[in-house]
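One letter stands for each residue in the lines below.
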Amino acid sequence: MEQVESVVQKRTNRRAFLRNGALAAGAATVGAGLIARGIPALGEETSGHLPPGDAAILRFLAAAEIIETDLWEQYAELGGVSTKEVPGLKFTGGNPLYTAALQILDGDMPQYITDNTDDEFTHQHFINAYLASKGAETVDLSHFATIPGSTAKGSSGKKRLTNLMNLNVDTSYWTRYRIDSENPDLDPNFVFPQAVDIDNRTAIPRSDNDTAGSTVANPTDHLKAIAFTAGFHFAFIEQGGTSLYPSLAQRVTSRQVLRILLSIGPTETMHFQTWQDKAGNATPLTDVDPETGATVTFKDLTKNQPESLQANLIMPEPCPFLSRKFPICSIIRPTETKGAAMGALKALTDDGLFIGQKDQRFFDLLRDYAEDADEAQREE
Ligand SMILES: [Fe+2]
Ligand SMILES: [Fe+2]
């Protein structure tokens, strides 16, 4: 018991330090916004009128949504459409060559990218506003946005929280939703094969070098490979949200917080469903990155593929659920609640999104949010 208390105390102290540091660093930009209202007294963890577990789960989700927003914003600057609907998004004409390569996957890609970005902005704004309305501590990661972004045409050039230029995209979601005999919750050791091996590859043009030689009518294979990597990455990100919300919903107490999770989660699923459909349109090619030497090969998933890879199997194949004694069932997977937040954080980290983040406090803070969310228990 004492041991548990000292761990909790240590964490609270560290959080207090981080928050105070964050507050000092962010004070200029925070202003009189929502964040200020959510900041607790020195060293004190505030849940306001929310059950502490619910506040912890919402804070982890707010952090995840802020990270999602940051990466989607980069995609939207380069490959989206002009819009006034997304406050904070700077669209200066995009990158027409990258956009043309994305449109090989679907002509509507730019619209979808901007709409997904819009959704993420609203998710994080809503969750933080809800926390603040209950007097609970909110989440602000803005002072950790220090990673240099793309310098290609269309990029706002601002510093980022996430790095899209060295991604290891786990594409096992593809086969996970197409294999009807396996569920990661029932057999965590089963290895779902990758649809594409994407290691240390960029999903955006890093500079105008990556678009050199391309025309709108005829993007180079190198630029296509970048766009196709983005296509598979979009689905990776959104299937993560698809699992995260139902996983965490199982441990919330307040009916209203449950409603929030049950209402946001399925929008992630709508995104995932769209993106995995589009990614399957990637055309076959191999590209060796001239800067890193990393190779990627896309094959034609629309023809002569086993069921586990077949591009148009975008509806979830049923699979075993809860126990193999039950008949198979078409479901989201995984949805195991134990360790769900840490699992999500690990997936984002392994993806390479934080490569270039030099401030250890960023990783400490995210881990604390995840640990707190995973310790949350449903109150009776
Ligand atoms: Fe989201
Ligand atoms: Fe999302």
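Just above, that's the structure.
Model, not experiment: these values are computed from the prediction.

Definitions and cut-offs
Starting from 1, residues in each chain are numbered consecutively following that chain's sequence as written. Each chain gets a letter, beginning with A, and each ligand a number, beginning with 1, in the order they are written. Where local features are concerned, this predicted model is filtered to residues with pLDDT of at least 70; where side-chain atom pairs are given and counted, the filter is 80 or more; whole-chain, interface and lining totals use all residues. In computing side-chain values, all of the structure's heavy atoms are included and hydrogens and water are not. Centres within 6.5 Å are what make two rings of Phe, Tyr or Trp a pair, Trp counting through its six-membered ring; a difference in plane orientation under 30 degrees is then read as stacked, over 60 as edge-to-face, and the rest as tilted. A run of H or I in DSSP counts as a helix once it spans at least four residues, and a run of E counts as a strand once it spans at least two, with each numbered from the N terminus. A simple rule labels every residue: compare its accessible area, found with a 1.4 Å probe on the protein chains alone, to the largest value its type can have, and call it buried under 20%, exposed over 50%, or partly exposed in between. Charge-over-ring contacts are defined here by two conditions on Lys NZ or Arg CZ: a distance within 6 Å of the ring centre and an angle within 35 degrees of the ring normal. Only nitrogen, oxygen and sulfur atoms qualify as donors, provided they sit within 2.8 Å of the metal or within 3.2 Å for Na, K and Ca; with water excluded from the atoms, sites may seem incomplete. Donor angles set the geometry label: tetrahedral for four donors if every angle is between 85 and 135 degrees, square planar for four and octahedral for six if opposite donors exceed 155 degrees and the others are between 65 and 115, irregular for anything else.

Further remarks concern the packing of aromatic side chains. Tallied over the full model, the rule gives 17 aromatic pairs. Aromatic side chains Tyr173 and Phe272 sit 5.8 Å apart centroid to centroid with 85° between the ring planes, which places their arrangement in the edge-to-face category. Here Tyr173, found in helix 6 (residues 172–176), pairs with Phe272, found in helix 8 (residues 255–279); they are 99 residues apart in sequence, far enough to count as distant. Note on accessibility: Tyr173 and Phe272 belong to one class, buried. Of the aromatic side chains, those joined through ring pairs into one cluster are Trp72, Tyr75, Tyr112, Phe234 and Trp275. Positioned over the ring face of Trp174 is Arg178, at 3.9 Å from the centre of the ring.

All of the protein donors around the iron ion (ligand 1) are Glu65 (OE), Glu65 (OE), Glu68 (OE), Glu120 (OE), His123 (ND1) and Glu268 (OE); their distances to the metal are 2.0 to 2.5 Å. Considering all 6 donor atoms around the iron ion (ligand 1), angles at the metal cover 56 to 167° and the coordination shape is irregular. In this structure, the iron ion (ligand 1) is positioned 3.3 Å from the iron ion (ligand 2), and both are ligated by Glu68. Of this pair, Glu68 sits in helix 3 (residues 52–79) while Glu268 sits in helix 8; the two residues are 200 residues apart in sequence, bridging distant segments of the chain. Since its relative accessible area comes to 0%, Glu268 is described here as buried.

Those protein atoms acting as donors to the iron ion (ligand 2) are Glu68 (OE), Glu120 (OE), Glu238 (OE), Glu238 (OE) and Glu268 (OE), and they sit at 2.0 to 2.6 Å. Counting the intervening residues between successive donors of the iron ion (ligand 2) yields the motif E-x51-E-x117-E-x29-E.

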